[in-house]
Amino acid sequence: MATETDAVWYKRLHWQIAIAMLAGVAAGAIGGEELADRVGWLGTLFVRLLKMIIVPLVFTSIISGVASVGGGRNLGRLFGKTLGYYVSTSAVAILLGLLVVNLIRPGEGANIGGVSASEIPELATPSSISQLFIDMVPLNVIDAASKPDMLAVIFFCILFGMAIAGLPERPRATLTGFFESAFAAMMALTSGIIRVAPIGVFGLIVRVVGTSGFASFRALGLYMLTIALALTLHLFVALPLFLWFVGRIDPRVHFRNMLEPLTMAFSTASSAATLPVTLRTVENKVGVSNRVSSFVLPMGATINMDGTALYECAGVLFIAQVLGADLSASQQLIVVATALLASIGAAAVPSAGLVIIFLVLESVNLRGPEVDVIVGAMLAIDRPLDMYRTAVNVFSDSCGAAIIARSEGEAGVDSA
Ligand code: ASP
């Protein structure tokens, strides 16, 4: 079985996952849809295993994390730092998207009429920004957990953790001990599931390559390259600069430590499904305390989505370019602000970013059948972009956890 400390490279899990990805690309390209049908279920099974533990993991990690931070000033400080980090990195990501799309202008002269609109998946999308805040408060916690509606679950867990922190010594120790032990058990379960990751990743990649092929990617090639370029700049330039200047952390070490969650985010295209792996890696390899990681990461997976935020902004500008609708500077500013909020509201599941783009389009009055056709075409080729922006989303969360842990005086974070 693969472990993290094996000396031989091919026994290390992240290498096994990388090899599984390459094998999946080759097998999917050769075997096509037939093979995708045959082995795709392995990927489905793996994602189900990961999803199975998300809700109990989030419950136990946030409650134990918040309870150990305590209420009052400590929690307020951690909360302030976390939100400050989320908003600043997402804003940088959006501005990068804005810049790159305005420079390359991939939508100008693009002919997308020929691509037929595919079905847009039905995902719960808040109808407005105020609704986003209202929905954050669950009417029924069990119902929120069963959907799962992560923002509502997180909201409840934070309050519950704070309530525990305020209890007298005895019940506080009992409850904190209980949730800490339950969290440790969930992490052990996560470690077990991750052992089969290479098989699951192989199934997922075969399905992506085998079913979508490469033909549909040609029509929107420049658009894809533009988004990929902006995401690359954020992942390899902006976030490393944050790590270096704000956290005094060597980005190369952080990248090396984060290989597993990055490959997992890439193959599942879901920050939520990746969360168990992110939590485990950030604690075990990056070396962030449970107190910080269990606060920053579940919330980050749900609301801090740099890749998605960048995509919302760049995607809307692209649509405007295709339609020949020149957006003024103030309209672009509206897009920037709405993209930030939309990325907070986007669910951490595949294609969520594309679905929520309608919210941003509405903010500048872009709607109608032509818009639907373009979004349909974008959906047809969304998967690779989704994989990439999910990896960016997850990496930003882990950078946040590392930077905040350093600022809290944790010296062992990302020590080479
Ligand atoms: N798939 C992304 C995630 O889970 C969300 C998106 O579609 O942008 O992080």
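Structure: see above.
Below, the structure is looked at part by part. (Residues numbered from 1 in each chain as written. Predicted model: local features only at pLDDT ≥ 70, side-chain atom pairs only at ≥ 80, totals over all residues. Heavy atoms only, no water.)

**Remarks on the packing of helix α1 (residues 13–69) against helix α12 (residues 290–303)**
What counts here: Axis definition: a line fit to C-alpha positions, over the contact stretch in the case of helices; interaxial angles, taken between N-to-C directions, run 0 to 180 degrees. Helix and strand assignments follow DSSP, with helices taken as H or I runs no shorter than four residues and strands as E runs no shorter than two, numbered in order from the N terminus. Any angle from 65 to 115 degrees is called roughly perpendicular, while one under 35 is roughly parallel, one over 145 is roughly antiparallel, and all others are oblique. Should the near helix be turned anticlockwise from the far one by less than a right angle, the crossing is termed left-handed; should it be turned clockwise, right-handed. Residue contacts are defined here by distance: any two heavy atoms, one from each residue, within 4.5 Å place the two residues in contact.
In contact at an axis separation of 8 Å, α1 and α12 are set at 130° when each is read in the N-to-C sense. Relative to α12, α1 is oriented oblique. Both α1 and α12 take part in a crossing whose hand is left-handed. Every residue of α12 that contacts α1 at Val58, Ser61, Ile62, Ser64, Gly65, Val66, Ser68 and Val69 is listed here: Asn290, Arg291, Ser294, Phe295 and Pro298.

**A word on the site of the ligand**
To be explicit about the condition: If even one non-hydrogen atom of a residue comes within 4 Å of a molecule or strand, that residue is called near it. Distance and chemistry together define a polar contact, namely a pair of N or O atoms within 3.5 Å, with one atom able to donate a hydrogen and the other to accept it when in protein, and with adjacent residues in sequence counting only for side-chain atoms on both sides. Using protein atoms alone on a 1 Å grid, points that fit a 1.4 Å probe yet trap it form a cavity, whereas open point sets bounded by protein on both sides within 12 Å along at least five of seven lines form a pocket; residues with an atom within 4 Å of a point count as lining. Placement in a cavity or pocket follows one criterion, namely that more than half of the molecule's atoms lie within 2 Å of its grid points.
Lining the immediate environment of the ligand, one finds 15 residues, of which Ser271, Thr308, Gly353, Asp386 and Arg389 sit closest. Within the side chain of Ser271, an N or O atom sits 2.3 Å from an oxygen atom of the ligand. Measuring from an oxygen atom of the ligand, one finds a backbone N or O atom of Gly353 at 2.7 Å. Given that more than half its atoms are within 2 Å of the pocket grid, the ligand belongs to the largest cavity.

**Considerations on helix α8 (residues 221–246)**
Going by this rule: A helix's residues, less one, multiplied by 1.5 Å, set its expected span.
Between the first and last C-alpha of α8 there are 36 Å, a value that for 26 residues agrees with the 38 Å anticipated at 1.5 Å per step. In the stretch just after α8, Arg248 is the one whose phi turns positive, near 55°.

**Examining the packing of helix α2 (residues 72–104) against helix α14 (residues 329–345)**
Operational definition: The nonpolar class holds Ala, Val, Leu, Ile, Met, Phe, Trp, Tyr, Cys and Pro. Asp, Glu, Lys and Arg form the charged class, and all remaining residues, Gly among them, are polar.
With their axes 10 Å apart at the nearest point, α2 and α14 run at an angle of 140° to one another. One element, α2, and the other, α14, form an angle in the oblique class. For the pair α2 and α14, the sense of crossing is right-handed. Listed contacts from α14 to Val87, Ser90, Ala91, Ile94, Leu98 and Asn102 of α2 are Gln332, Val336, Ala339 and Leu340. Here the residues of the contact of α2 with α14 are counted per class, giving seven nonpolar, three polar and no charged.

**Re the side chain of Glu283**
Applicable threshold: Three exposure classes are used, based on accessible area relative to the maximum for each residue type with a 1.4 Å probe and protein chains only: buried under 20%, partly exposed in between, and exposed over 50%. None of His or the chain ends enter the tally, which takes Lys and Arg as positive and Asp and Glu as negative. The rule for a salt bridge is simple: a side-chain nitrogen of Lys or Arg has to be within 4 Å of a carboxyl oxygen of Asp or Glu.
Within the secondary structure, Glu283 sits in helix α11 (residues 271–286). It is Arg280 that comes nearest to the buried, bridge-free Glu283 among opposite-charge side chains, at 9.7 Å. Contacts of Glu283, omitting those with residues within four sequence positions, involve Phe183, Met187, Val288, Asn290 and Ser293.

**As for the packing of aromatic side chains**
The criterion, for reference: For Phe, Tyr and Trp, where Trp contributes only its six-membered ring, two rings pair if their centres lie within 6.5 Å, and the inter-plane angle classes them as stacked under 30 degrees, edge-to-face over 60, or tilted in between.
Applying the stated criterion across every chain yields a total of ten aromatic pairs. Aromatic side chains Phe236 and Phe255 sit 5.3 Å apart centroid to centroid with 15° between the ring planes, which places their arrangement in the stacked category. You can see Phe236 sitting in helix α8 and its partner Phe255 sitting in helix α9 (residues 251–257), a full 19 residues away along the chain. A relative accessible area of 17% places Phe255 in the buried class.

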